[in-house]
Amino acid sequence: MSLYSSFLLSDEQFQCSICLDVFTNPSSTPCGHSFCMACISRYWDGLKVCQCPLCKKTFQKRPDLQINRTLREITEQFKSMKGGGGGAGREKRGGKGDTGIPEDLYNELRRRLPRPLPSSEAPTHITPSLAPSVPNYSAIAALTSAIVPPPPPYPSNRSSGRRRFTLSGPESSWNLPICEVHHRGIMLYCRTDQMCICPECEEEDHPDHDTVTAESEWMNTKVLLSGSEQRIQEMIRQRLRKIDEIRTSVSELQLKVERETAGNVRLFSMLVSAIERSQAELMEVMEMSRRAAEHQADTMIRQLELEVEELRRRETVLAELAQSDDCIHCVKTFPTVSSPPPAKDWSAASVKSDLGTGTIYRSLAVLVEKFQEELKNVAENGFPGPVVEPSPIRSLPRMKRVQEYALDVTLDCNTAHPRLVLSEDMKSVRCADKHQLLPDNPERFDRVVCVLGREAITSGKHYWEVEVGGKTDWDLGVAKQSINRKGKIEYTPSNGYWFLSLRDKNKYAFRTEPSTDVNLNHRPHKIGIFVDFEKGQVSFYNVDARIHIYTFNVTFSESVFPFFSPCTNKSGKNDAPLIITPVNILE
């Protein structure tokens, strides 16, 4: 029995890794490691999340541990064998032929450790000189090979045949992941199949492949880290410079607006009574340009900051990999973080700085010229009657030009929500209290009270006008053909919608991302919509005041249709219809 205990079992195999003593009432965790019941209980006391002291596997709920009775019996028998005993003791415990091994221990070890080595690889640590004196040497050798597995193969020169390797010590094997098929440590990397394998996987499935140790492969891969880090750092620097450039452009634009405002205030001070309306119009256009520029800048900055955040995250991962000793994790993780993520080319991005005031200044020049002629006439001829001030409302040449592209728009009843009531001529729409019995065809909106125009816009320039007077809420604009028409809809340009909204009588907004609020000094009774398909522009006008309100700049990839939503009738407060009216070209 002393030979059995010397060659087969040792204190380390029955040692608790917490108290470093032989197990007392051993208990196994769900991850398969065993500890003394008292030791693991004290280790977990006071912890919110329990963790295995060996493999660090965490358990959200503290496991209900039980004593491993089989392991306790084996441990007790090991203690008794280690303590020695006379022949009577051996005779009492003997049970497996003449080996001197307790029968219950022998059977339990055979059941739990069923992998003996082939006879050609029998343990060599029992010398031949001792073999004859060991009872049933082959049985002990089989058990020894099951408890102490043979050293794993270590890779050598490919030309010399099979690769073989050894580990530096027992702790190395504890840190290695185990192959699910062969239950051996995974410590090789197959370059041919680009996967980590164990020595037996190499022999069975990768016999002629280019395989190296995982540590060697990681050392080669680690050389690429600095290059990837430098590329990502340069991309970060480029984007930070672009953010500064955009912010500087916005500041310069703000200064430009301030200088322009001061100049036009001095100019208008001479003609306040005649051109007050023109001044208000100019200020409104500049404010809209400033808001559009700020919105454009905010959008670009948000996108750049998101890219910088992603690049920094990858930089952090690469830095952690550079410091990590976990070869397997590093080899698996590096391909996903080594290359930069898809990113937009920001080299040509800039904030639009055109204030759109040129047309207004030219209109003012004509107004001032006529005012001067009238003053000269008064100076020469006197006042024949009451002086009639020039009308402050001037028709912008731009608006007159877009009216020349008038489109005869009609409503498409097949797209109308069941609560919408369309006129017989398909020129007006309002929202009723109840749903109508209509077929649920694919093109019909089923949740949002809206309807499309029948005329598809695939090229050219088109303009139409809609009467909105008397309504508290409405949406007008265009939508692309492939929009979602069922269920909840997000009205954003990215989803194919470009329109102006009114809510609660005086809250105007464009459904950008985020929404752009609009302060209109003159509440419109008629809205003009102009589409330039080739240039990718959707513009809105206050027809009564003859003022340009806003322009979307987009790239159309498919047909678009006029879009109308009278919104719900709000218990009769918003019962007035939206009416498509004929376009009367301004003089």
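Residues numbered from 1 in each chain as written. Predicted model: local features only at pLDDT ≥ 70, side-chain atom pairs only at ≥ 80, totals over all residues. Heavy atoms only, no water.

**Some remarks on the overall build of the protein**
What the protein contains, in helices and strands, is 13 helices and 20 strands. Buried residues in the protein amount to 43% of all 587 residues. Considering only contacts in the protein between residues 6 or more positions apart, those separated by 24 or more positions represent 64%. Just so you have it, the protein exposes about 32,300 Å², and 51% of that area is on carbon and sulfur atoms. (Helix = DSSP H or I, 4+ residues; strand = E, 2+ residues; numbered from the N terminus. Buried < 20%, exposed > 50% of the residue type's maximum accessible area, 1.4 Å probe, protein only. Contact = heavy atoms within 4.5 Å. Areas by Shrake-Rupley, 256 points an atom, 1.4 Å probe, with all protein chains shown as cover.)

**Section: the packing of aromatic side chains**
This structure, assessed with the given rule, holds 17 aromatic pairs. Centre to centre, the rings of F510 and Y550 are 4.2 Å apart; their planes meet at 25 degrees, and the pair counts as stacked. A residue pair is termed long-range when its members are at least 10 positions apart, and F510 in strand β14 (residues 507-510) and Y550 in strand β18 (residues 547-553) qualify at 40 residues. In terms of burial, F510 and Y550 fall into one category: buried. Ring centres of F540 and F552 lie 6.3 Å apart, and the angle between their planes is 75 degrees; this geometry places the pair in the edge-to-face category. Here F540, found in strand β17 (residues 537-542), pairs with F552, found in strand β18; they are 12 residues apart in sequence, far enough to count as distant. Residue F540 is classed as buried on the basis of its relative accessible area of 0%. Residue F552 is classed as buried on the basis of its relative accessible area, which comes to 5%. Site record: aromatic cluster; members linked through ring pairs are Y491, Y497, F499 and F563. (Phe/Tyr/Trp six-rings, centres within 6.5 Å; stacked < 30°, edge-to-face > 60°.)

**Focus: the confidence of the model for the protein**
Averaged over every residue, the pLDDT of the protein is 77; the share at 70 or more is 74%. Below a pLDDT of 50 lies the segment residues 1-7, which in the model reaches 18 contacts outside its immediate sequence neighbourhood of four places, other chains included. Counting interchain partners and residues more than four positions distant, the pLDDT-below-50 stretch residues 84-100 has 22 contacts. (pLDDT = per-residue confidence, 0-100.)

**Quick look at the sheet that holds strand β8 (residues 420-422)**
On the basis of which strands lie adjacent, the open sheet formed by seven strands has the order β8-β9-β20-β11-β16-β17-β18 and antiparallel pairing. Looking at which strands have only one partner, the edges of the open sheet turn out to be β8 and β18. Averaged over all pairs of adjacent strands, the angle between strand axes in this sheet comes to 20 degrees, irrespective of strand direction. (Pairing = 2+ DSSP bridges. Axes fitted to C-alpha atoms, helices over the stretch in contact; angles between N-to-C directions.)

**What to know about a nonpolar patch on the surface**
On the surface, I18, Y43 and L47 cluster together to form a nonpolar patch covering roughly 230 Å² of accessible area. Turning to its location among the elements, L47 is positioned in the loop between α2 (37-44) and β3 (50-51). (Patch = residues over 30% accessible without salt bridge, like charges linked within 9 Å, V, L, I, M, F, W, Y side chains within 5 Å. Salt bridge = Lys/Arg side-chain N within 4 Å of Asp/Glu carboxyl O.)

**Describing the sheet that holds strand β5 (residues 188-190)**
Read from one edge of the open sheet, three strands run β6-β5-β7, paired in antiparallel fashion. The open sheet has two edge strands with one neighbour each: β6 (195-197) and β7 (211-213). Strand after strand, the sheet turns through a mean of 35 degrees between neighbouring axes, direction not considered. Across three bridges, the pairing between β5 and β7 is antiparallel.

**Observations concerning a positive patch on the surface**
A contiguous patch of positive charge, built from R362, R401, K461 and K535, is present on the exposed surface. Position of R362 among the secondary structure elements: in helix α12 (residues 358-381). (Lys, Arg positive; Asp, Glu negative; His and termini not counted. Charge placed at Lys NZ, Arg CZ, Asp CG, Glu CD.)

**Here's the deal with the pattern of salt bridges**
Tallied over the full model, the rule gives 18 salt bridges. For E76, the salt bridge is made with K79, and the minimal N-O distance between the two is 4.0 Å. Taken as a pair, E76 and K79 lie in helix α3 (residues 69-82) at a separation of three residues, close to a single helical turn. A salt bridge links R241 to E234, with the shortest nitrogen-to-oxygen separation between them at 3.6 Å.

**A word on helix α11 (residues 327-338)**
Its 12 residues give α11 an end-to-end C-alpha distance of 16 Å, which sits within 8% of 16 Å, the value for a rise of 1.5 Å per residue. Every buried residue belonging to α11 is among C327, I328, C330, V331, T333, F334, V337 and S338, and all of these are buried. (Expected span 1.5 Å × (residues − 1).)

**Some remarks on α2**
All buried positions along α2 are accounted for by C39, I40 and W44. Buried residues of α2, seen end-on, are gathered within an arc of 125 degrees and therefore sit on one face of the element. Buried residues along α2 sit in contact with β2 (34-36), β3 and β4 (58-59). Positioned one or two residues after α2, G46 has a phi angle of 85 degrees, which is positive. (Arc of directions from axis to C-beta.)

**So, the pairing of β17**
Among the six residues of β17, five are classified as buried, and the element is accordingly described as predominantly covered. Linkage of strand β16 (residues 526-532) to β17, two consecutive antiparallel strands, is achieved through a turn of four residues, within which G536 is found at a positive phi near 70 degrees. Two strands pair when backbone bridges link them, and β17 and β18 are joined in this way by six bridges, in the antiparallel orientation. Directly across from Y541, in β18, lies its bridge partner H548. Here β17 hands over to β18 after four residues, with R546 in that stretch at a positive phi of 55 degrees.

**Some remarks on the side chain of S324**
Considering the arrangement of structural elements, one finds S324 in the loop between α10 (272-323) and α11. Only 3.1 Å separates the side chain of S324 from the backbone nitrogen of D326, close enough to count as a polar contact. Aside from chain neighbours lying at most four places away, what touches S324 is W218 and C330. (Polar contact = N/O pair within 3.5 Å; in protein donor to acceptor, adjacent residues only side chain to side chain.)

**Details of the side chain of R290**
Tracing the backbone shows R290 in helix α10. With a relative accessible area of 18%, R290 lands in the buried category. In terms of polar contacts, R290 uses its side chain to reach the side chain of E294, at 2.7 Å.

**Some remarks on the pairing of strand β20 (residues 578-581)**
Direction of pairing for strand β9 (residues 428-431) relative to β20: antiparallel, over a ladder of two bridges. Paired with V429 across the bridge in β20 is L578. Across three bridges, the pairing between strand β11 (residues 461-467) and β20 is antiparallel. Paired with E467 across the two strands is I579, which belongs to β20.

**Here we look at the environment of S494**
Relative to the helices and strands, S494 resides in the loop between β12 (474-480) and β13 (497-503). Taking the C-alpha atoms as reference, S494 lies 10.0 Å from V554; in sequence the two are 60 residues apart. Within the structure, the side chain of S494 is placed 3.1 Å from the side chain of T492, a separation counted as a polar contact.

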